[in-house]
Amino acid sequence: MVVEMWEWIVLSLLVISLILFDLFGHVRKAHEPTIGEAARWTAVYVSLAAVFGVATYIRHGARFATEFFAGYITEYSLSLDNIFVFIIIIAAFKVPRRFQQKVLMWGIIIALVFRFIFIMIGAALVEKFVWIFFAFGVWMVYTAVKQVLDGLKEARDRASGIVEEIDYQPTAATKFISRVFPVTSGFVGDKLIHRASGKTYLTPLLICIISIGTIDLLFALDSIPAIFGLTNEPFIVFASNAFALLGLRQLFFLVDGLLDRLIYLHYGLAGILGFIGFKLLLHAFHGYDMFTAIPEPGSGTSVAIILTIIIITVIASLLGSRKMRKRSNEIADQGLHDEEVIESEQD
């Protein structure tokens, strides 16, 4: 794939334009988005990604367009884990609902910058060292196993009726900034910096943004190797990450409160990461002329497998959560009935 400089410029301008549009079109006026608004803008950003994929097909052919869609779908799926952690951070900082869009948007901008750096480093390593695919593959398999273990733990907790409160732990960056710079005791509207008595203060809103932006580095350790398992092209890797992250703000408000219904999410993500880990390891072995008899899954096969895993995960989760709610209601009704029987006997 030969990517001309003008294509990088067009992609960069598109990303910057979308960021500016969000900052001045939505975030500038603090408000709490409705489900309808979040759904419409989620559809818009998904449509933009689809248009970019079609443009990639016209410009570079079916293979690279398929790699883009595979990468985008994977990144979008993995972003559900990001959202879960973002919810915890925003709740820990007690950010008012109307200011949450601003926090998410600036956090995403920080994440985009860091991911671009990671992608360039990853591309250089992939081009120079074949063995890096072994490292990426092993990491993906490890992450997949960890997702399964997390899913099993959640299932045990649900069965035991345990509701575990996950505490927010400040990142090293937020700890350092909070020690070095004075921070206001509370929010000052939607200000990030506040001047008072001739002194400059940071606000909790800015600290929350930094926390979200820097904690995304942990997710980049999973998502960047994952997408390099689907394509080696830095242009496609960055485009997939950019479109997935830019649509993350709208997705946050769309799925906030619905994530608890995706009870098998960990297993679905484990399936995707496990498949990509297998693909990475197979690619690494092929680089050393080993196991060449086993064909490496192509882009079309990868898209089909990833989509199948996502569809099965969503359907199974919705059916499973409905069954769990029905069972909980039956237990609650039985409890009320038993109480009524006891009261009648006492009378």
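Thresholds, definitions, all that
- Residues numbered from 1 in each chain as written.
- Predicted model: local features only at pLDDT ≥ 70, side-chain atom pairs only at ≥ 80, totals over all residues.
- Heavy atoms only, no water.
- UniProt positions renumbered as here; feature names shortened; annotations may be inferred.
- Helix = DSSP H or I, 4+ residues; strand = E, 2+ residues; numbered from the N terminus.
- Buried < 20%, exposed > 50% of the residue type's maximum accessible area, 1.4 Å probe, protein only.
- Contact = heavy atoms within 4.5 Å.
- Polar contact = N/O pair within 3.5 Å; in protein donor to acceptor, adjacent residues only side chain to side chain.
- Axes fitted to C-alpha atoms, helices over the stretch in contact; angles between N-to-C directions.
- Parallel < 35°, antiparallel > 145°, perpendicular 65-115°, else oblique.
- Left-handed = near helix turned anticlockwise from the far one by under 90°.
- Expected span 1.5 Å × (residues − 1).
- Bend = angle between axes of the 7 residues up to and from the residue.
- 1 Å grid on protein atoms, 1.4 Å probe; cavity = no way out; pocket = protein on both sides within 12 Å on 5 of 7 lines; lining within 4 Å.
- Points joined across faces, edges and corners; volume = space filled by probe spheres on them.
- Nonpolar A, V, L, I, M, F, W, Y, C, P; charged D, E, K, R; others polar.

- As annotated in an unreviewed UniProt entry, the protein chain carries the name TerC/Alx family metal homeostasis membrane protein and comes from Arcanobacterium pinnipediorum.
- Database annotation for the protein chain, UniProt heading Sequence similarities (unreviewed entry): "Belongs to the TerC family."

**Considerations on the overall build of the protein chain**
Then, number 1: Along the backbone of the protein chain there are 11 helices and two strands.
Then, number 2: Helices and strands appear in the protein chain in the N-to-C order α-α-α-α-α-α-β-β-α-α-α-α-α.
Then, number 3: Classification of the 347 residues of the protein chain by burial places 44% in the buried group.
Then, number 4: Counting contacts in the protein chain only where the partners sit at least 6 residues apart, residues at least 24 apart contribute 80% of the total.

**A few points about the side chain of Ser302**
Then, number 1: Assignment of secondary structure puts Ser302 in helix H11 (residues 299–346).
Then, number 2: Of the residues examined, Ser302 reaches a relative accessible area of 1% and is grouped as buried.
Then, number 3: Looking at Ser302, its side chain comes within polar contact range of the main-chain oxygen of Gly298, at 2.9 Å.
Then, number 4: If near-sequence neighbours (up to four positions away) are discounted, Ser302 is found in contact with Leu230, Phe275, Lys279 and Pro297.

**Here's the deal with the packing of helix H4 (residues 100–128) against helix H8 (residues 234–246)**
Then, number 1: One way to put it is that H4 packs onto H8 with a least axis distance of 10 Å and a crossing angle of 165 degrees. Viewed along their axes, H4 and H8 adopt a mutual orientation that is roughly antiparallel. Handedness of the H4/H8 crossing: right-handed. Of the residues in H8, those in contact with Met105, Ile108, Ala111, Leu112, Arg115, Phe116, Ile119, Met120 and Ala123 of H4 are Pro234, Val237, Phe238, Asn241, Ala242, Leu245 and Leu246.

**Overview of the side chain of Lys279**
Then, number 1: Here Lys279 shows up in helix H10 (residues 265–287).
Then, number 2: Residue contacts for Lys279: discarding those within four places in its chain leaves Gly229, Leu230, Glu296, Pro297 and Ser302.

**Regarding helix H5 (residues 132–160)**
Then, number 1: The end-to-end C-alpha separation of H5 is 42 Å, in line with the 42 Å expected for 29 residues at 1.5 Å each.
Then, number 2: For H5, the full list of buried residues reads Ile132, Phe133, Phe136, Gly137, Met140, Thr143, Ala144, Gln147, Gly151 and Asp157.
Then, number 3: Structurally, H5 contributes buried residues whose contacts are with helix H3 (62–93), H4, helix H7 (204–228) and H10.

**Details of H7**
Then, number 1: With 25 residues, H7 extends 36 Å between its outermost C-alpha atoms, agreeing within 8% with the 36 Å of an ideal straight helix rising 1.5 Å per residue.
Then, number 2: Of all the bends in H7, the largest measures some 45 degrees and sits at Phe219.
Then, number 3: The buried count for H7 comes to 22 of 25 residues, which makes it a mostly enclosed element.

**Focus: empty space enclosed by the protein**
Then, number 1: Counting across every chain of the model gives two cavities of 30 Å³ or more.
Then, number 2: Taken together, 15 residues form the lining of the largest cavity, with Leu78, Ser79, Asn82, Phe219 and Ser223 sitting closest to its centre.
Then, number 3: Counting residues per element, the ones that place at least two in the lining of the largest cavity are H3, H7 and H8.
Then, number 4: Looking at the lining of the largest cavity, the element that brings in the most residues is H3, giving five residues.
Then, number 5: Grouping the constituent residues of the lining of the largest cavity by class yields six nonpolar, five polar and four charged.

**Here we look at the layout of surface pockets**
Then, number 1: The computed volume of the second largest pocket comes to approximately 370 Å³.
Then, number 2: Surrounding the second largest pocket, 20 residues form its lining, Ile73, Tyr76, Ser77, Leu80 and Ile310 being those nearest its centre.
Then, number 3: The set of elements that each furnish at least two residues to the lining of the second largest pocket consists of helix H2 (35–60), H3, helix H9 (248–255), H10 and H11.

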